[in-house]
Structures are given as structure tokens and as C-alpha cells.
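# Working through the structure, step by step
Here are the chains, one letter per residue:
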Amino acid sequence: MMIQTNQEIQESQKLILNLKKEKDVTILAHYYQTLEIQEIADYVGDSLGLSKIARDHTNTKNIIFAGVLFMAETASILNPGKRVLMPDKQAGCPLASFLDGNTVNTYKEKYPGVPAVVYINSTAETKAETDVVCTSSNAIKVIQGIQNEFKSNKVLFGPDENLADYVKQKTGINIINLPDEGFCYVHNVIKDLDVIKVKKEHPNALITVHPECKREVRELADHIGSTKGMYDYVKINTSKGNEFIIGTELGFVQRVQKDFPNNKIYPVNENFICRNMKLSTLEKIFNLLNNLNNDKHKVTVPDNIANKARISLEKMLKYS
Ligand code: 13P
Ligand code: SF4
């Protein structure tokens, strides 16, 4: 099935919605998915929100996760009774590749007594070796919580160096980057000059950016938050026809433009696209719904890793 025109998109969306009901499937989608996928999802959210939905609010036997691998792995770890499937299992998050479990253990040996926190954008194997996980929306609370628990004035944190810097600025906690370098290829290329240029064109617009952006970009923003945090910021400030400049991936910008048609929403740059997120397509979801029993699409985390990673994830949910 080739889906190209608007009419073909709508027709395939209808087919998918019918198949989804018939086959006992919940579709979870991240904000960076294409709009046409967000429209057929049961839930759209940020990493934290989707983890909670996977754990607490999915009544179907099957979950199709339109996102990247660490998100589907997290859903499977938190809800081991479910069959979690991805439209394309090649959709990984390159940020997660900066850190593996062995490196976490090497750092823990080098810094005894210092808690290790990893961003949810990491592999299940990495999560299994750490003390707690966090997302962009709860990083501050989680790091403060674990610091108190360990009574340590330092925290190991990775793999995103920009999020680490953001938390350091906000809390004053001494953060040791784990490893030395780690960034998201989509957010890390956003420059202060990109934001300044759009702000010059729209001087009254409020600026909101993701904490994976560099400090020079964050310092220009009126608000910094996870995708859900940015969405809520726009939602509560839509009055008086406010305009917004958004520093994150294009799928999110398109979603906000659709939901708030009376406000002008400007991307910092339309080319900020996560190619990994875009590996999911309507066509692949349609094919998956017709092949639900094919284990090729099933996300599995071995029990010995899942059991340890679940402890770090549950601790995150406790602190957030
Ligand atoms: P959020 O948790 O803010 O949705 O971020 C996920 C992500 O991958 C950002 O690049
Ligand atoms: Fe990973 Fe960046 Fe894509 Fe988010 S936007 S999934 S951090 S590569």
C-alpha cells in the first residue's frame, strides 16, 4: 500500500483505526512522530507520560509503540505482561549509543558512593546498571531525590551533556558527565543564532526549547521543558494571541500548530527532524496490524536485564 495523497492518508487512517479495535491494540505515539501517526494514536506524549500510560492505562494485550527503541523497551519492562511491538525496530535513538552498561560500572568503581542516574534515552542494558532513570520532565526532582538518598554531593549523569548542564544550572548539584560526551544530533545542532534570527522576525513571540539544547540556546528561552512541558506551556499561554518560537523536533511543532490554530507557532528551523522517529510510517503500522503474531516486530528485553532496569525505572516514578 503506497500512501501519498491526503485522501490516501485518511483512508489508511480509517483502516488502521478499525484494525486496531478489532485486534486488541493500543497505539502509543511520541510527539516527534508524523502528524498522521499522532492522529491515529490512543495516546500521544513525552517519554515520562508514555511510560506511565504503558504501565497503568493500557488494557489491551498488544501495544504498538510508534517512537524509538528505548521507549518501547521501557513500556515492555514496566508492563511485562504485554506484547510490545514496533512498526520498525531499526528506529533507535543515537543518543542512547553514547553509554553502555560497562561504562556505567567503570564510573561507579571510579566514584564509589556516588549515585548513577541515566536519562531514559538509554538502552535497557544501561538502565539495568544504574541507580535511577530520569526523563527530561523529571530530571531535577529525580537527581535531588537520589542525591538525598545517597547523601552524596555529586551525581553521575548521562548520556546527554546538555540535560546534565541544565540540571546543574538549576540545582547547583555537582554533576559528573557519564561518559564525557553525549548529545542528541537533532537538538545539539540548534544554535543561538538560529533562535536570534527567528526572534528578530517575530519579536513578540515567546520562546520555548527542549533541555537537550545547548546552554547558549536555553539562555535565550522564556521556557525550557520536555515535549509535554512545552505543550502545556503553549496551552496555558495561548491567550491574547501570543506567538511562540519552538526549539525542538518538527513533529512537535506541527502538533502544536494543529492544536492551537489561533496562535502563530514558528519552528526555530523546519529542518530539525529526528530521522529515527520518522522510520515509523502509517504503512508500516498498517502492515504490522496485519501481522501482529510475527515476532519480528516484538520488543523483548531479557528477564535478567528487565528485572534490574525495572527497579531503576520504578525508582524514577517514585521520585517524579
Ligand atoms: P521528551 O521526553 O521530552 O518527549 O523527549 C524525548 C526525546 O527523545 C527528546 O529528544
Ligand atoms: Fe534520540 Fe534526539 Fe531523536 Fe530524541 S530527537 S529520539 S534524543 S535522536
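Quick caveat, the model's predicted, so the values are computed rather than measured. (Residues numbered from 1 in each chain as written. Chains lettered and ligands numbered in written order. Predicted model: local features only at pLDDT ≥ 70, side-chain atom pairs only at ≥ 80, totals over all residues. Heavy atoms only, no water.)

## Regarding the overall build of the chain
Helix and strand content of the chain: 14 helices and 12 strands. The globule rule puts the C-alpha radius of gyration for 320 residues at 20 Å, and the 20 Å found for the chain is close to it. For the chain, the spread of C-alpha atoms along the principal axes amounts to about 60 × 55 × 30 Å. Expressed as a percentage of its 320 residues, the buried residues of the chain come to 55%. Across the chain, contacts joining residues at least 24 apart in sequence account for 64% of those joining residues at least 6 apart. Only carbon and sulfur atoms are counted for the fraction: they give 47% of the accessible area of the chain, which is about 14100 Å². Each charge class in the chain can be summarised by its mean position, and for the 40 positive and 38 negative side chains these summaries are 4 Å apart. (Helix = DSSP H or I, 4+ residues; strand = E, 2+ residues; numbered from the N terminus. Rg over C-alpha atoms; globule rule 2.2 N^0.38 Å. Buried < 20%, exposed > 50% of the residue type's maximum accessible area, 1.4 Å probe, protein only. Contact = heavy atoms within 4.5 Å. Areas by Shrake-Rupley, 256 points an atom, 1.4 Å probe, with all protein chains shown as cover. Lys, Arg positive; Asp, Glu negative; His and termini not counted. Charge placed at Lys NZ, Arg CZ, Asp CG, Glu CD.)

## Notes on the site of ligand 2
Around ligand 2 sit Tyr32, Val68, Cys93, Pro94, Leu95, Asn121, Cys184, Tyr185, Val186, Glu212, Cys274 and Met277, and that is every residue in its neighbourhood. The residue inventory of the shell around ligand 2, partitioned by class, reads 10 nonpolar, 1 polar and 1 charged. (Near = heavy atom within 4 Å. Nonpolar A, V, L, I, M, F, W, Y, C, P; charged D, E, K, R; others polar.)

## Some points on helix H12 (residues 250-259)
When H12 is considered as a whole, its buried residues turn out to be Leu250, Gly251, Phe252, Val253, Arg255 and Val256. Where H12 is buried, its residues meet helix H2 (35-38), strand S2 (43-45), helix H11 (227-236), strand S11 (244-247) and strand S12 (265-267). The N-capping residue of H12, defined by a side-chain oxygen 2.6 Å from the backbone nitrogen of Gly251, is Glu249. (Polar contact = N/O pair within 3.5 Å; in protein donor to acceptor, adjacent residues only side chain to side chain.)

## Quick word on the site of ligand 1
Close to ligand 1 lie His30, Tyr32, Asp46, Ser47, Asn121, Ser136, His187, His210, Glu212, Ser226 and Thr227, which account for all nearby residues. One nitrogen or oxygen atom from the side chain of His210 is found 2.8 Å from an oxygen atom belonging to ligand 1. A distance of 2.6 Å separates an oxygen atom of ligand 1 from a polar side-chain atom of Thr227. When ligand 1 sits alone it has 300 Å² of accessible area, and the protein chains cover 96% of it.

## As for the sheet that holds strand S3 (residues 62-66)
Strands sit in the order S2-S1-S3-S4 across an open sheet of 4 strands; the sheet is parallel. Lying at the two open borders of the sheet, with one neighbouring strand each, are S2 and strand S4 (83-85). Each strand axis lies, on average, 20° off the axis of its neighbour in the sheet, ignoring direction. The pairing of S3 with S4 spans 3 bridges and is parallel. Within the sheet, the bridge partner assigned to Ile63 lies in S4 and is Val84. (Pairing = 2+ DSSP bridges. Axes fitted to C-alpha atoms, helices over the stretch in contact; angles between N-to-C directions.)

## A word on the side chain of Arg218
If you trace the backbone, Arg218 turns up in helix H10 (residues 215-218). Given a relative accessible area of 3%, Arg218 falls into the buried group. Within the structure, the side chain of Arg218 is placed 3.0 Å from the side chain of Gln169, a separation counted as a polar contact. Contact partners of Arg218, with chain neighbours within four places excluded, come to Asn162, Asp165, Tyr166, Gln169, Val209, Pro211, Cys213 and Ile224.

This is a description of form; function is not addressed.
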